[in-house]
Amino acid sequence: MMLLASGCDSEHQPLPMPDDPTGLHDRLVVEFQLAVDRTTSQVKTRAGAPLATDNESWDDPYPTTDASEFDVTLDSLNPVLYAVKDDGSLDLESANIAGTVSIVTKQRSETSGRVVYNITGILQTTLTAEELRAGNFRLAIFANAYPSDPAAAGSLSFNYYGTPLSTTPVAFPAIPMWGVAKADLSDIEMGQLKHLADVDLLRAMAQVRMRVSDELFAVKDDEHPDGREVRLVSMSLNRMNSSGYVVPGDWNTLTSTNKLLFTNTLNELSSPLLGGFTVTADPDAELAEGEVSSEQLLSFYLPEVSNSDDPANELVLTLRYTTDGIEEIRENTVHFSRYTADGTYDESAEKWDILRNHIYEYKITGVGTAYTPELEVCIKQWRYEKFNGELGSDSEWHQ
């Protein structure tokens with residue numbers, strides 16, 4: 001699953017000047033637009049399905065899934081203006097940070113599966129308007145994470161994982177995100193509202209989901225005489241990191257978020273979580289309208305983690321579930337890898353790293369002999385833009 005906010009092609013609606021009773025004639029007032037895609041599309045599907053090719057789109061021909069409100073939340077924003085060096089990289093020297101933006105207003109809208117935030121603020125900088133007009137700058141956004149020092153943003157990390165709004169190990173209010181775009185300062189003037197950039201946001205975490213099909217979750221009755229009444233009990237990942245980096249690899253050389261290559265995305269912060277991680281179903285939890293029981297859908301968020309061809313270090317899921325009330329435990333059964341056409345795990349197949357901005361979703365579609373689960377597996381990108389190219393290639397995060 002990948003998410004990445006796609007390029008902002010639609011016209012933005014300029015915001016009115018912020019209400020400042022002291023006057024803004026001597027302030028650099030700026031606005032910019034942030035986009036987070038709510039809709040996801042499947043990029044790899046079912047056991048044995050081919051990898052995406054140059055002639056296929058990741059979201060075709062499979063249905064989409066809506067991201068939750070948690071997946072698109074902007075709890076905090078830290079916009080930083082960086083000067084660009086002659087080699088095309090950002091100037092990360094503390095003394096050379098071009099500026100930051102103090103947020104004044106934030107307006108949210110939603111259309112066509114995208115959540116858009118229009119932001120206005122005051123550009124805080126020691127540079128003059130003339131120097132800004134003559135320079136080459138990029139606007140980087142650090143959402144739901146604050147670098148104490150913009151010069152050290154490449155090492156900015158978080159220690160969130162688990163389920164939304166949990167308090168272990170720390171409060172997990174929102175998914176850390178990052179994005180970058182060229183900043184247009186060509187005609188900036190004191191007291192005049194200036195649109196800096198449209199910035200796409202890339203989530204810094206992945207999500208793992210285990211779902212029971214509606215048919216198997218249905219109660220056995222006259223309408224469903226063959227129902228197996230499968231219920232999830234828990235899902236465990238044997239190995240994961242407890243922390244991650246907010247920015248992806250190669251972050252300080254990009255002119256825009258969607259220029260990030262898949263081969264340069266992984267930016268793992270090695271921080272092994274002792275014993276891995278387990279999420280457990282709560283059959284007694286009260287459900288909001290439209291919410292799915294955790295006995296049918298278990299999920300959790302995690303930082304990036306690389307996989308391994310070594311069986312002792314390979315990423316695997318252990319699944320506990322009940323079938324007609326009988327509990328089953330499948331140790332290290334579910335792999336992050338390609339399966340054969342008949343659903344058999346191929347030990348020699350490529351192992352998938354768990355990458356930021358992806359959803360790794362498994363669905364129990366049947367229960368075979370000895371109550372062995374039959375699974376479909378797909379990887380979803382957290383956006384609705386088509387992707388031409390194969391995961392792991394030098395293709396970019398946009399059409």
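This report concerns the structure included in the present document.

Conventions adopted
Residues numbered from 1 in each chain as written. Predicted model: local features only at pLDDT ≥ 70, side-chain atom pairs only at ≥ 80, totals over all residues. Heavy atoms only, no water. Helix = DSSP H or I, 4+ residues; strand = E, 2+ residues; numbered from the N terminus. Buried < 20%, exposed > 50% of the residue type's maximum accessible area, 1.4 Å probe, protein only. Contact = heavy atoms within 4.5 Å. Areas by Shrake-Rupley, 256 points an atom, 1.4 Å probe, with all protein chains shown as cover. Core = buried A, V, L, I, M, F, W, Y, C linked by side-chain atoms within 4.5 Å. Phe/Tyr/Trp six-rings, centres within 6.5 Å; stacked < 30°, edge-to-face > 60°. Pairing = 2+ DSSP bridges. Polar contact = N/O pair within 3.5 Å; in protein donor to acceptor, adjacent residues only side chain to side chain. Axes fitted to C-alpha atoms, helices over the stretch in contact; angles between N-to-C directions.

## So, the overall build of the protein chain
1) Next: A count of helices and strands for the protein chain gives two helices and 20 strands.
2) Next: Taking all 399 residues of the protein chain together, 54% fall into the buried category.
3) Next: Sequence-distant contacts in the protein chain: of pairs separated by 6 or more residues, those separated by 24 or more amount to 75%.
4) Next: Carbon and sulfur atoms make up 45% of the accessible area of the protein chain, which totals about 17,500 Å².

## Here's the deal with the nonpolar core
1) Next: Counting residues in hydrophobic clusters, the biggest one holds 37 residues, and the most contacted among them are Met210, Phe300, Leu302, Leu317, Phe336 and Ile354.
2) Next: Not counting residues up to four positions away in its chain, the partners in contact with Phe336 are Val208, Leu237, Asn307, Leu315, Val316, Leu317, Glu350, Lys351, Trp352, Ile354, Tyr360 and Tyr362.
3) Next: Membership of the second largest hydrophobic core comes to 31 residues, among which are Tyr117, Ile119, Leu132 and Val199.

## Quick word on the packing of aromatic side chains
1) Next: Under the definition given, this model contains eleven aromatic pairs.
2) Next: The interplanar angle of 90 degrees and the centroid separation of 6.0 Å between the aromatic rings of Phe172 and Tyr301 together place this pair among those described as edge-to-face. Here Phe172, found in the loop between strand E8 (157-158) and strand E9 (177-183), pairs with Tyr301, found in strand E16 (residues 297-302); they are 129 residues apart in sequence, far enough to count as distant. Tyr301 shares its class with Phe172; the two are buried.
3) Next: Through pairs of rings, three or more aromatic residues link up here, namely Phe70, Phe158, Tyr160, Phe172 and Tyr301.

## Thoughts on the environment of Glu130
1) Next: With respect to the secondary-structure elements, Glu130 resides in helix H1 (residues 129-134).
2) Next: Here the alpha-carbon distance between Glu130 and Asp187, two residues 57 residues apart in the chain, equals 8.9 Å.

## Examining the sheet that holds strand E7 (residues 137-143)
1) Next: What the eight strands build is an open sheet, ordered E10-E1-E6-E5-E4-E7-E9-E11; its pairing is mixed. Edge positions in the sheet fall to strand E10 (194-200) and strand E11 (202-203), since each of these pairs with one other strand and no more.
2) Next: Relative to strand E5 (residues 99-111), strand E4 (residues 77-83) runs antiparallel, the two sharing two bridges. Paired with Val80 across the strands is Thr100, a residue of E5.

## Thoughts on the side chain of His195
1) Next: Considering the arrangement of structural elements, one finds His195 in strand E10.
2) Next: One polar contact links His195 to Glu31, side chain to side chain, over a distance of 3.2 Å.
3) Next: Side-chain polar atoms of His195 contact the side chain of Asp198, separated by 2.9 Å.

## Some points on the pairing of E9
1) Next: Of all seven residues making up E9, six are buried, and the element is well covered by its neighbours.
2) Next: The pairing of E7 with E9 spans seven bridges and is classified as antiparallel. Pairing of Ala140 across the sheet is with Val180, part of E9.

## Structural notes on unusual backbone geometry
1) Next: One non-glycine residue, Asn144, lies in the positive phi region at around 60 degrees.
2) Next: With respect to the element layout, Asn144 can be found in the loop between E7 and E8.
3) Next: You will see that Asn357, though not glycine, has its phi angle at about 70 degrees, which is positive.
4) Next: With respect to the secondary-structure elements, Asn357 resides in the loop between strand E18 (326-335) and strand E19 (358-367).
5) Next: Among the residues examined, Asn357 registers a relative accessible area of 0% and is labelled buried.

## A short note on the side chain of Ser299
1) Next: Structurally, the position occupied by Ser299 is in strand E16.
2) Next: Within the structure, the side chain of Ser299 is placed 3.5 Å from the side chain of Gln207, a separation counted as a polar contact.
3) Next: Those residues in contact with Ser299 that sit more than four places away from it in its chain are Thr163, Gln207, Val208, Arg209, Met235 and Val279.

## Observations concerning the pairing of E7
1) Next: Here E7 lies mainly inside the structure; seven of its seven residues are buried.
2) Next: Alternating residues of E7 divide into Phe137, Leu139, Ile141 and Ala143 and Arg138, Ala140 and Phe142, and every residue in both groups is buried.
3) Next: The pairing of E4 with E7 spans seven bridges and is antiparallel. Its bridge partner lying in E7, Tyr82 is registered against Arg138.

## Some thoughts on the sheet that holds strand E15 (residues 277-280)
1) Next: An order of E15-E13-E17-E18 is seen for the four strands of this open sheet, with the pairing classed as antiparallel. A strand with exactly one partner marks an edge of an open sheet, and here the two such strands are E15 and E18. Neighbour-to-neighbour, the strand axes of this sheet turn through a mean angle of 20 degrees, independent of strand direction.
2) Next: The sheet contact formed by strand E13 (residues 230-237) and strand E17 (residues 316-323) spans seven bridges and is antiparallel. Within E17, the position partnered with Met235 by the bridge is Leu319.

None of the figures reported here should be taken as evidence of function without further support.
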